[in-house]
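# Survey of secondary and tertiary structure
So the chains spell out like this:
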Amino acid sequence: MKLYRFIRKPPFFLQAKFYIRKKDNPVKSTKNSRKAVIIPVLLLQFGSIRDKFKNFSIVKKAFKTSFIELYKSASSLKRNPHRNNKIIDNQTLKEFEDYAKTLGVSKIDYTSINRDFIFKGFEVLYPNVMVLGMEMDKDKMKTNPSDESTAEIWNAYSNLGIAVNKMAEWIRAKGFNCHPSPAIGGDVMITPVAQEAHLGYVGKNGLLITEEYGPSLRLAAIFLDIENLPISKANENPHKWVREFCEDCNKCVQKCPGQAIFEKTKILDDGYPQFIEREKCAPHFSKNCSQCISACPFIYGNYNKIKSSYYEKRATAS
Ligand code: SF4
Ligand code: SF4
């Protein structure tokens, strides 16, 4: 039996839904929504026991913190002030973003939630979302596969969990409601949500590629009912060219030891792309692999240089 296909939700006390009241009128998933995959369950089932024990000793502190923060996020929903405070002034928003930066958040953008990206059967309290990205140290990630890069990934997961909860308490103290959703155990497919916020664009490796950090970033969200957030009105994502660049690059496809990344991204019946085969990836991910990050030229190169040489090459070819 494929355990990860059977266990699609964390225990009830770690789910936001358990703390949301009916009268809160939450935003719900749709019939097109995808089922969640609980990564620790997936990893439990694939890969060698020896690798798992070895890796667990590297990440156990961050792993434990991630779960504590997941509990704090969900249970904190009871502390929303419910003051109908829905307009934020520029100064308070700036202070909020500055506070996020002191917690290690590297990148912030905003969007309204596309309900199709809420995991099936999950709920979020509010329709607007602040998407947060935390950089993973590029030099550590370039050493992949290594204990150092694995520790860096899990540290980013746990630090993002700490950051969203501290930020939630900060904004509640200003009288606003929120729903913090950490990187581990989040309520939505965070990568396409981040793409809709124009934080970057999803590459062939299924990761968000950003201007400053390439794919070396972890993502989390805070849902808000603030109505005047600076949500981009532009329809076209300025980073869309990255996906076109991927078509000729394929470095992650070639480097992937599990042959888990589709060279031609699969489009599923619901129209949403599938970038990797989880079952082929999991045995390698469970033994330190993140070569889809370390192989990507955007972790080494200057985004704007890559962009201009890509467009020059394209112009010469046409
Ligand atoms: S983690 Fe490793 S196996 Fe998994 S998709 Fe990335 S490169 Fe492939
Ligand atoms: S390695 Fe190349 S193909 Fe893969 S995500 Fe990065 S740019 Fe795209």
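For the structure itself, look to the data block above.
Residues numbered from 1 in each chain as written. Chains lettered and ligands numbered in written order. Predicted model: local features only at pLDDT ≥ 70, side-chain atom pairs only at ≥ 80, totals over all residues. Heavy atoms only, no water.

### Brief notes about the overall build of the chain
Helices and strands together make up the secondary structure of the chain, namely 13 helices and ten strands. For 318 residues, the compact-globule estimate of 2.2 N^0.38 gives 20 Å, and the C-alpha radius of gyration of the chain, at 19 Å, lies within 12% of that figure. With the C-alpha coordinates of the chain rotated into their principal frame, the extents come out at 55 × 50 × 40 Å. Across the 318 residues that make up the chain, the buried fraction comes to 53%. Long-range contacts, defined here as pairs at least 24 residues apart, represent 80% of the contacts in the chain between residues at least 6 apart. (Helix = DSSP H or I, 4+ residues; strand = E, 2+ residues; numbered from the N terminus. Rg over C-alpha atoms; globule rule 2.2 N^0.38 Å. Buried < 20%, exposed > 50% of the residue type's maximum accessible area, 1.4 Å probe, protein only. Contact = heavy atoms within 4.5 Å.)

### Side note on the packing of helix α4 (residues 90–102) against helix α6 (residues 147–173)
It is at 10 Å that the axes of α4 and α6 come closest, and there the two elements cross at 155 degrees. If you check the angle between α4 and α6, you find them roughly antiparallel. Crossing of α4 against α6: the hand is right-handed. Across from T92, E95, F96, Y99 and A100 in α4, the residues of α6 making contact are K166, M167, W170 and I171. (Axes fitted to C-alpha atoms, helices over the stretch in contact; angles between N-to-C directions. Parallel < 35°, antiparallel > 145°, perpendicular 65-115°, else oblique. Left-handed = near helix turned anticlockwise from the far one by under 90°.)

### Thoughts on the site of ligand 2
Neighbouring residues of ligand 2: K204, N205, I209, F245, C246, C249, N250, K251, C252, C296, P297 and F298. For the shell around ligand 2, the secondary-structure elements that each account for two or more residues are α8 (241–249), α9 (251–255) and α12 (297–300). Considering each element in turn, the shell around ligand 2 owes the most residues, three residues, to α8. Looking at the shell around ligand 2 residue by residue, the classes come out as eight nonpolar, two polar and two charged. (Near = heavy atom within 4 Å. Nonpolar A, V, L, I, M, F, W, Y, C, P; charged D, E, K, R; others polar.)

### Side note on the site of ligand 1
Lining the immediate surroundings of ligand 1 are C256, P257, I261, C281, H284, C289, Q291 and C292. Of all elements in the fold, only α10 (278–285) and α11 (291–294) reach the threshold of two or more residues within the shell around ligand 1. Looking at the shell around ligand 1, its residues break down into six nonpolar, two polar and no charged.

### Notes on the pattern of salt bridges
Under the definition given, this model contains twelve salt bridges. Where R314 meets E244, a salt bridge forms, and the shortest distance between an N and an O atom there is 3.0 Å. Of this pair, R314 sits in helix α13 (residues 303–317) while E244 sits in helix α8; the two residues are 70 residues apart in sequence, bridging distant segments of the chain. Each of R79, E169 and R172 takes part in one network of salt bridges that share partners. (Salt bridge = Lys/Arg side-chain N within 4 Å of Asp/Glu carboxyl O.)

### With respect to α8
Residues of α8 that are buried include every one of W241, V242, F245, C246 and C249, and no others. Within α8, the buried residues cover an arc of 150 degrees as seen down the axis, which keeps them to one side. The inward-facing, buried residues of α8 contact β6 (201–202), β7 (208–209), α9, α12 and α13. Immediately beyond the C-terminal end of α8, within one or two residues, lies N250, with a positive phi of roughly 60 degrees. (Arc of directions from axis to C-beta.)

### Things to note about the pairing of strand β9 (residues 261–267)
Across three bridges, the pairing between β9 and strand β10 (residues 273–276) is antiparallel. Considered in β10, the bridge of I267 is made with P273. (Pairing = 2+ DSSP bridges.)

### Overview of the packing of aromatic side chains
Two aromatic rings, taken as a pair, are described by how far apart their centres are and by the angle between their planes. The tally for this structure, following the rule as stated, stands at 19 aromatic pairs. Aromatic pair F96 and W170: ring centres 5.3 Å apart, planes at 15 degrees, arrangement stacked. One end of the pair, F96, is in helix α4; the other, W170, is in helix α6, with 74 residues separating them in the sequence. Judged by its relative accessible area of 19%, W170 falls in the buried class. Three or more aromatic residues joined by ring pairs make a cluster, and in this case those are W241, F245, F298, Y303, Y310 and Y311. One residue, K174, lies across the ring of W170, its end atom 4.9 Å from the ring centre. (Phe/Tyr/Trp six-rings, centres within 6.5 Å; stacked < 30°, edge-to-face > 60°. Lys NZ or Arg CZ within 6 Å of the ring centre and 35° of its normal.)

### Some remarks on the pairing of strand β8 (residues 217–224)
Of all eight residues that make up β8, eight are buried, and the element is covered over most of its length. Of the two faces of β8, the one holding L217, L219, A221 and F223 and the one holding R218, A220, I222 and L224 are both buried throughout. Looking at chain direction, strand β4 (residues 128–135) and β8 are connected through eight bridges and run antiparallel. Counterpart to E135 in the pairing with β8 is L217. As judged from the four bridges shared by strand β5 (residues 178–181) and β8, these two strands associate in the antiparallel manner. Each bridged residue has a counterpart across the sheet, and for H179 the counterpart in β8 is F223.

### Some points on unusual backbone geometry
Of note, the bond from N144 into P145 is cis; its omega dihedral lies within 30 degrees of zero at 0 degrees. By the secondary structure assignment, P145 is in the loop between α5 (138–142) and α6. Positive phi outside glycine occurs at N250, with the angle close to 60 degrees. Summarising the element assignment, N250 is placed in the loop between α8 and α9. Here N250 falls in the buried class, since its relative accessible area comes to 10%. At Q259, a position not held by glycine, the phi torsion is positive, near 45 degrees. Relative to the elements of secondary structure, Q259 occurs in the loop between α9 and β9.

Taken by themselves, the reported measurements are silent on function.
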